[in-house]
Amino acid sequence: MPVPDLGALVAVDTRRPAGRVDDDVYGHFLESAFFGNIEGGVFDEGSPLSLDEPGPLRGVRADVLELCRELGPGPIRWPGGNFTSAYHWEDGIGPRDRRPSRLEPAWGGLENNRFGTDEFLAWCEAVGAEPYLVHSARDVDEAVRWIEYTNSARDTTLTGRRAAGGRAEPWNVRYWGVGNEVYGRWQMGHRDAERHAADASEHARFMRQVDPGIKLIGVGIPWQQEEWTRPLLQRAGSMLDYLSLHLYGAGTHLWTGDDYDTVVAQSLYFEREMHAYSQLVTALSAEAGLDRPPALALDEWTMRHLEPAHWPQPLPGDDGGIAPRETTPVDEDALHGPDKVRVNRWSPRSVADALFCAGVFHAIHRTAGLPAPVSMANPVNLVNANGLVVARPGGALRSAIYHVWHLYRHHTGRTVLPCEVTGPARTASVRLGDNRGPDGRLLSAPMTVPYVDVSATRADDGSVRIAVVNRHRDTAVRLRIVLDGAEANTPAVARVRALGADVTSLDAVNTLAEPGAVAVRDLGDVESSGGAWTVAPHSVTVLSL
């Protein structure tokens, strides 16, 4: 129920930085043959909105490219994801009309390979992003030859093919994934822990022989972590720069109605998992005699929108959401059990999703300074499939979560400052992401959920940036900021940018008809009132001091 404005005290220590946030935590992810990421998203041959000049960017959507460039994106992961496990990179080079079309076993479709390595790398160059290529880790020679094709300056048959395609100089791809979710039986090339550790070691050794300057991301795991991670670090840890971690939240509003509070609280689960895996990786790295532990790459993460599996399959709507369909009310108990629910890949992003994402960024910031921090993060997905950018035949738009990435990428600092928050909270059963018990029920655990989540950073210009998530659905918070132990140190005026502060409905989403319904509003310079700033309910706010 509505209550009077709540109060919160934020104590920031600018004198003893906690660590640095890597720009790569604002990375992204594209998966081929996956719900409009590439075909119909980044790449749409024949569309009047696509580029038509000769070269690797022919067929690329110009509007999508511009929205992605505007983000100032970090590393972009491709081609998967599950798609990686069966992918042969040589299918996607050379003249497009001569490339093979193949059955795509990961998602059950067809892959025509018209968007391949050179198209992706040219697109990354055009949007100003570093590419992050993922190999299946099923064939050492294929991995080695891919790096030869992209990175070698020597005169070989493969570099000759690269030059014949229009790229004489090397692409110099820095980030390479050594497999994807190899622990899962859904992967072609599934391996147990010991076998994958041996495979990863061999892949990493020979991949580095081609280019010693590459950065390698090994396959971490969200469960049975010690059993999987120990042999991997013992066999390959000295050659890995990162271990991946994949985490997924779960929202049920499509059939249960309002689940705002459930969604925004799940960043606490993510934070728990990130810190636990960081500590384990640090301990196992010491046990393996490594000079330093690999950093963590949260290179798949998002809030999934679940729905009953017996409903009609969702299709993309022309306005940016789900196409109209007939659905029926559902008894919650009828959805317990295997295969009773699925992910709706076309459900639009909401205010709740935006606050959840901001909370995950705060959790990532709080790993700065750990021996194994989260140093890269790539959400599922950049374009379509519940992504940041929504593309339809009639145009493209920024989803609600797009603005979170833009706000944090451009308006928070990279030096993390210690920060303590005294403020209101609630005790609640917090959903543990998209994890389910034997009966199919989503798991949860009791936690204390702060209404106010704050990350304090210092920008390169010396200003202090206070990022605030107010999780309360309908009550503002009066935020008092104290720098270095004294209110006199806190400037009286802050530049304020807010997302969600003017949204009156928690169901609000962006559409082609109303693309700015959920967006950042620049409120300009705002003077504190009685030493405090008012932060609107269900909002993400950045104050620049």
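The rules behind these values
Residues numbered from 1 in each chain as written. Predicted model: local features only at pLDDT ≥ 70, side-chain atom pairs only at ≥ 80, totals over all residues. Heavy atoms only, no water. Pairing = 2+ DSSP bridges. Helix = DSSP H or I, 4+ residues; strand = E, 2+ residues; numbered from the N terminus. Axes fitted to C-alpha atoms, helices over the stretch in contact; angles between N-to-C directions. Core = buried A, V, L, I, M, F, W, Y, C linked by side-chain atoms within 4.5 Å. Buried < 20%, exposed > 50% of the residue type's maximum accessible area, 1.4 Å probe, protein only. Contact = heavy atoms within 4.5 Å. Phe/Tyr/Trp six-rings, centres within 6.5 Å; stacked < 30°, edge-to-face > 60°. Expected span 1.5 Å × (residues − 1). Polar contact = N/O pair within 3.5 Å; in protein donor to acceptor, adjacent residues only side chain to side chain. Salt bridge = Lys/Arg side-chain N within 4 Å of Asp/Glu carboxyl O. Right-handed = clockwise from strand over helix to strand, strands pointing away. Parallel < 35°, antiparallel > 145°, perpendicular 65-115°, else oblique. Left-handed = near helix turned anticlockwise from the far one by under 90°.

A. Expanded view of the sheet that holds strand β17 (residues 419-422). Strand order in the open sheet made by the 4 strands is β17-β1-β22-β25, with mixed pairing throughout. One side of each edge strand has no neighbouring strand; the edge strands of this open sheet are β17 and β25 (533-535). Ignoring which end each strand starts from, the neighbouring axes of this sheet average 30° apart. Here strand β1 (residues 6-12) pairs with β17 via 4 bridges, running antiparallel. Bridged to Ala 11 within β17 is Glu 420.

B. Molecular detail of the nonpolar core. Core analysis: the biggest nonpolar cluster contains 118 residues, and Leu 30, Trp 123, Leu 298, Trp 301, Trp 405 and Tyr 408 have the highest contact counts within it. Ranked by residues supplied to this core, first place goes to helix α10 (residues 351-365) with 11 residues. The contact partners of Tyr 408, leaving out residues within four places of it in the chain, are Tyr 26, Ala 358, Phe 361, His 362, His 365, Arg 414, Ala 467, Val 469 and Val 540. Ranked by size, the runner-up nonpolar core spans 22 residues in total, among them Leu 417, Val 452, Val 468 and Leu 543.

C. Looking closely at the packing of aromatic side chains. Throughout the structure, instances matching the rule amount to 27 aromatic pairs. A centroid spacing of 6.2 Å and a plane angle of 5° characterise the contact between Trp 89 and Trp 146, whose relative ring orientation is stacked. You can see Trp 89 sitting in the loop between β4 (76-78) and β5 (102-104) and its partner Trp 146 sitting in helix α3 (residues 140-151), a full 57 residues away along the chain. Across the pair, Trp 146 and Trp 89 agree in class, each one buried. Ring centres of Phe 270 and Trp 301 lie 6.4 Å apart, and the angle between their planes is 70°; on these two criteria the pair is classed as edge-to-face. In this pair, Phe 270 is assigned in helix α9 (residues 267-287) and Trp 301 in strand β11 (residues 295-308), connecting sequence segments 31 residues apart. Of the two residues examined, Phe 270 and Trp 301, each falls in the buried class.

D. Molecular detail of helix α6 (residues 225-236). Across its 12 residues, α6 extends 16 Å between first and last C-alpha, which sits within 8% of the 16 Å expected from 1.5 Å per residue. Among the residues of α6, those classed as buried are Gln 225, Trp 228, Thr 229, Pro 231, Leu 232, Leu 233 and Ala 236.

E. Representation of the side chain of Asn 113. Within the fold, Asn 113 resides in the loop between β6 (109-111) and α2 (117-127). Since its relative accessible area comes to 1%, Asn 113 is described here as buried. Within the local environment of Asn 113, its side chain forms a polar contact with the backbone oxygen of Pro 100, the two atoms lying 2.8 Å apart. If we skip the residues at most four places from it in the chain, Asn 113 touches Tyr 87, Asp 91, Gly 92, Arg 99 and Pro 100.

F. Molecular detail of the pattern of salt bridges. Within the structure shown, the criterion is met by 46 salt bridges. With a shortest N-O distance of 2.7 Å, Arg 114 and Glu 45 are connected by a salt bridge. One end of the pair, Arg 114, is in the loop between β6 and α2; the other, Glu 45, is in the loop between β3 (28-29) and α1 (62-71), with 69 residues separating them in the sequence. For Glu 45, a relative accessible area of 34% puts it in the partly exposed group. In this structure, the salt-bridge partner of Asp 453 is Arg 366, at a minimum N-O distance of 3.0 Å. Here Asp 453 is found in strand β20 (residues 452-458), whereas its partner Arg 366 is found in the loop between α10 and β13 (374-379), with 87 residues between them in sequence. The class for Asp 453 is buried, based on a relative accessible area of 6%.

G. The arrangement of the environment of Val 421 in detail. Position of Val 421 relative to the elements: it lies in strand β17. Judged by its relative accessible area of 32%, Val 421 falls in the partly exposed class. In the structure, Val 421 is positioned 409 residues away from Val 12 in sequence and 8.9 Å away in space, judged by C-alpha atoms. For Val 421, the residues in contact, after removing those within four places along its chain, are Leu 9, Val 10, Val 452 and Val 454.

H. Structural detail: the pairing of strand β9 (residues 215-218). Sheet topology note: the strand β8 (residues 175-178)/β9 ladder contains 3 bridges and is parallel. Note on β9: the bridge partner recorded for Gly 177 is Ile 217. A crossover links β8 with its parallel partner β9, the connecting element being helix α5 (residues 193-210), and its sense is right-handed. With 2 bridges connecting them, β9 and strand β10 (residues 242-251) associate as parallel partners.

I. Geometry of the packing of α9 against α10. Running from N to C, α9 and α10 point in directions that differ by 25°, and their axes come no closer than 9 Å. In terms of orientation, α9 and α10 fall into the roughly parallel class. Here α9 runs over α10; the crossing is right-handed. In this structure, α9 contributes Ser 267, Phe 270, Glu 271, Met 274 and His 275 to the contact, and α10 contributes Phe 356, Gly 359, Val 360, Ala 363 and Ile 364.

J. Just the packing of α5 against α6, in detail. In the contact formed by α5 and α6, the axes pass within 8 Å of each other and the chain directions differ by 30°. Viewed along their axes, α5 and α6 adopt a mutual orientation that is roughly parallel. The two elements α5 and α6 cross, and the hand of that crossing is right-handed. When α5 is examined against α6, the residues Ala 193, Glu 194, His 196, Ala 197, Ala 198, Ala 200 and Ser 201 are found in contact with a partner set consisting of Glu 227, Trp 228, Pro 231, Leu 232, Arg 235 and Ala 236.

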